[in-house]
Amino acid sequence: LEKPYSIRALRALVDAASKAAPRGPGGQKALIAKLVQSGAPDRHMETAFQSKRRLSDGAIIGYEALLRIAVDGVSINPEAIFEPRVDLDTQLALTRAVLDDALRLGSALRNVGKPRTISVNCTPAILCTPELPDMVLEALDRWEMSASTLMIEITEHAAEHSFDVVATAACRLAMRGCGIS
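Student: Looking at this structure, how should I read the overall build of the protein?
Tutor: In terms of regular secondary structure, the protein is built from 7 helices and 6 strands. Moving toward the C terminus, one meets the helices and strands of the protein in the order α-α-β-β-β-α-α-β-α-α-β-α-β. Expressed along its principal axes, the backbone C-alpha trace of the protein runs to roughly 50 × 40 × 30 Å. Considering the protein as a whole, with its 181 residues, one finds that 36% of them fall into the buried category. The contacts in the protein between residues at least 6 apart in sequence include a share of 70% that link residues at least 24 apart. Element-wise, carbon and sulfur atoms account for 54% of the exposed surface of the protein, whose accessible area totals about 10700 Å².

This is how it looks when you write it as structure tokens:
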């Protein structure tokens, strides 16, 4: 699209998107099922980065890694991927890929003299898996990043575990130096 966007161009974009989007309650479910059946969910994703800015002067102080996923060119709502109906192995594979992309960016920023905090979203269910601490530490080692550069942001998804279990899981990472929010 050329800027400024004309009304005609915007309408064409909306029309094209609405034709491609699956209709009805099963639309996202069908796409997620296809994603899971692919056996390699990380091949259908990319990580986008949103800057985090200091309010007082607008300076960039960090980046948040955001999952973007599509099957057959149709986007899937990332929140739908992290619902209980999607198997934990798929969720862990996508979390691992986002974490790796996030730390790759953090490493690149550090290497050019602009270190920044990188945030990665994490559901309470993923946070409570026994695999997460090792996954985080391995990624930090792979990219030679300090744990203090990583912020794990616990999402608002319904916790399948008690507050104490989620808090204990968060402490496992905080004790290793990761930020938790």
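So that's the structure; there's more coming.
Student: What exactly am I supposed to notice about the side chain of T149 here?
Tutor: Relative to the elements of secondary structure, T149 occurs in the loop between α6 (131-142) and β5 (150-154). A polar contact of 2.7 Å, which involves the side chain of T149, links it to the backbone oxygen of S146.

Student: Whenever I open this one, a nonpolar patch on the surface confuses me. Can you help?
Tutor: Nonpolar side chains collect at one region of the surface, where Y5, I7, L10 and L13 lie side by side and expose about 400 Å² of accessible area between them. The residue L13 is located in helix α1 (residues 7-20) in this model.

Student: Please explain unusual backbone geometry as it appears in this structure.
Tutor: Outside of glycine, negative phi angles account for most residues, and trans bonds account for most peptide bonds. One non-glycine residue, D72, lies in positive phi territory at about 55°. Here D72 is to be found in the loop between β2 (60-71) and β3 (74-76). Since its relative accessible area comes to 58%, D72 is described here as exposed. The phi torsion at E144 lies on the positive side, around 50°, for a residue other than glycine. Looking at the secondary structure, you find E144 in the loop between α6 and β5.

Student: Would you take a moment to explain the packing of helix α4 (residues 88-111) against α6 for this structure?
Tutor: What describes two packed helices is the angle between their axes and the distance between those same axes. Contact geometry of α4 with α6 gives a least axis separation of 10 Å together with a crossing angle of 30°. Considering the angle they form, α4 stands roughly parallel to α6. When you trace α4 past α6, the crossing you get is right-handed. Note on element contacts: α6 touches α4 through E131, M135, V136, A139, L140 and R142, opposite L92, T95, R96, L99, D100 and L103.

Student: Would you take a moment to explain the layout of surface pockets for this structure?
Tutor: Picture a little ball the size of a water molecule; that probe, rolled over the atoms, points out where space is still empty. By volume, the largest pocket is sized at about 370 Å³. Every residue lining the largest pocket is counted, 19 residues in all, and those nearest its centre are P78, F82, N121, T155 and H157. Listing elements by their share of the lining of the largest pocket, those giving two or more residues are β2, α3 (78-81), α4 and β4 (117-122). Tallied by class, residues from the lining of the largest pocket come to 10 nonpolar, 6 polar and 3 charged.

Student: Explain the environment of N77 here, please?
Tutor: Relative to the elements of secondary structure, N77 occurs in the loop between β3 and α3. The exposure class of N77 is partly exposed, given its relative accessible area of 41%. Sequence spacing of N77 and L67 is 10 residues, and the spatial spacing of their C-alpha atoms is 9.3 Å. A distance of 2.9 Å separates a polar atom in the side chain of N77 from the backbone nitrogen of E79.

Rules behind the numbers
- Residues numbered from 1 in each chain as written.
- Predicted model: local features only at pLDDT ≥ 70, side-chain atom pairs only at ≥ 80, totals over all residues.
- Heavy atoms only, no water.
- Helix = DSSP H or I, 4+ residues; strand = E, 2+ residues; numbered from the N terminus.
- Buried < 20%, exposed > 50% of the residue type's maximum accessible area, 1.4 Å probe, protein only.
- Contact = heavy atoms within 4.5 Å.
- Areas by Shrake-Rupley, 256 points an atom, 1.4 Å probe, with all protein chains shown as cover.
- Polar contact = N/O pair within 3.5 Å; in protein donor to acceptor, adjacent residues only side chain to side chain.
- Patch = residues over 30% accessible without salt bridge, like charges linked within 9 Å, V, L, I, M, F, W, Y side chains within 5 Å.
- Salt bridge = Lys/Arg side-chain N within 4 Å of Asp/Glu carboxyl O.
- Axes fitted to C-alpha atoms, helices over the stretch in contact; angles between N-to-C directions.
- Parallel < 35°, antiparallel > 145°, perpendicular 65-115°, else oblique.
- Left-handed = near helix turned anticlockwise from the far one by under 90°.
- 1 Å grid on protein atoms, 1.4 Å probe; cavity = no way out; pocket = protein on both sides within 12 Å on 5 of 7 lines; lining within 4 Å.
- Points joined across faces, edges and corners; volume = space filled by probe spheres on them.
- Nonpolar A, V, L, I, M, F, W, Y, C, P; charged D, E, K, R; others polar.

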